[in-house]
Amino acid sequence: MKIVPLSGANFSFKVLISFFLLTVATGYVFGLMHIYGDVGFSYTGIVTHYRGDVKEMTVPRDFAFANLIHHHHVHIFGLSMLFLFIGLIFTLTSIPEGAKAIFVAAPFLGLIMDLSSFWFLVFASPVFAWFSILFGAFMALSFFLLIGRPIYEMWVLPVLYR
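Residues numbered from 1 in each chain as written. Predicted model: local features only at pLDDT ≥ 70, side-chain atom pairs only at ≥ 80, totals over all residues. Heavy atoms only, no water.

Peer 1: It is not clear to me how the pattern of salt bridges should be interpreted in this structure. Could you clarify?
Peer 2: If the charged atoms of two oppositely charged side chains come close together, the side chains can form a pair. As enumerated under the stated definition, the model contains 2 salt bridges in all. Across the pair Lys 100 and Glu 97 runs a salt bridge whose closest N-O atoms are separated by 3.5 Å. With Lys 100 and Glu 97 both in helix H4 (residues 97-123) and 3 residues apart, this pair spans about one turn of that helix. Residue classification places Lys 100 among the buried positions, given a relative accessible area of 8%. The salt bridge involving Glu 153 is made with Arg 149; its shortest N-O contact spans 2.8 Å. Of this pair, Glu 153 and Arg 149 both sit in helix H5 (residues 128-160), 4 residues apart, roughly one helical turn. A residue is classified by how much of its surface remains accessible, and Glu 153, at 1% relative accessible area, is buried. (Salt bridge = Lys/Arg side-chain N within 4 Å of Asp/Glu carboxyl O. Helix = DSSP H or I, 4+ residues; strand = E, 2+ residues; numbered from the N terminus. Buried < 20%, exposed > 50% of the residue type's maximum accessible area, 1.4 Å probe, protein only.)

Right, here's the structure in full:
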C-alpha cells in the first residue's frame, strides 16, 4: 500500500493531525496531573490510595474490587481508542516498518501491565506499586513518542530538507 509520508502531506491535513495530537497530549498531561494529585507519583501514595495502609490492607476487598472494575473499564476503553488513533497516525511516519510495529504496540503493553499491577497491588502485595510506577512511566513515554515523531516529520523535517 502506497502512503504519502507525513512530511509530504497537504497543509490542511498536517494542521488537522497536529491539532488532534496536541489536544490529546494536553489531555494526557491533565490526566498525569490528576494522578499526581491523587497519589503524588510515589510508592507510598499509590499503596495508601489502593490498600489504605502500607503495612496492611485496610480498604475492604469488595470495595477495592469494585473500585478497580469501575476505573479500569473506563481506562481500558478510552486509552485503547486513543492509542489506536495516535498509532494510526504514527504508521504514516518514515520509520522502518518493524520499528513502527514495536512503537505502536508499546502503549498497549504498558496499559495492560500498568492496570495488571494494580490488581496485584491490591490482592497480592504492595510491592506491585513499583510496577505500576514503572509501567505507567513506560506507557506515558511511548504515548509521547507516538505523538512527537509525527509532529517532527510534519513540521521539522520539511524545513531541514529544503
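After that view of the structure, there is still more to cover.
Peer 1: How should a nonpolar patch on the surface be read in this particular structure?
Peer 2: Together, Phe 11, Tyr 152, Trp 155, Val 156, Leu 160 and Tyr 161 line one region of the surface with nonpolar side chains, adding up to about 670 Å² of accessible area. Top contributing element to the nonpolar patch by residue count: H5, with 4 residues. Examined against the element boundaries, Val 156 turns out to sit in helix H5. (Patch = residues over 30% accessible without salt bridge, like charges linked within 9 Å, V, L, I, M, F, W, Y side chains within 5 Å. Areas by Shrake-Rupley, 256 points an atom, 1.4 Å probe, with all protein chains shown as cover.)

Peer 1: Help me understand the environment of Ile 86 in this model?
Peer 2: Within the fold, Ile 86 resides in helix H3 (residues 61-90). Sequence-wise, Ile 86 and Phe 143 are 57 residues apart; in three dimensions their C-alpha atoms are separated by 8.2 Å.

Peer 1: I would appreciate a short explanation of helix H1 (residues 11-39) in the present structure.
Peer 2: Along an α-helix, residues three or four positions apart point the same way, because every turn accommodates 3.6 residues. Between the first and last C-alpha of H1 there are 42 Å, a value that for 29 residues agrees with the 42 Å anticipated at 1.5 Å per step. Those residues of H1 lying buried are Lys 14, Ile 17, Ser 18, Leu 21, Val 24, Ala 25, Tyr 28 and Val 39. If you follow the buried residues of H1, they end up packed against helix H2 (43-51), H3 and H5. Once H1 ends, the next one or two residues include Gly 40, with phi positive near 70°. (Expected span 1.5 Å × (residues − 1). Contact = heavy atoms within 4.5 Å.)

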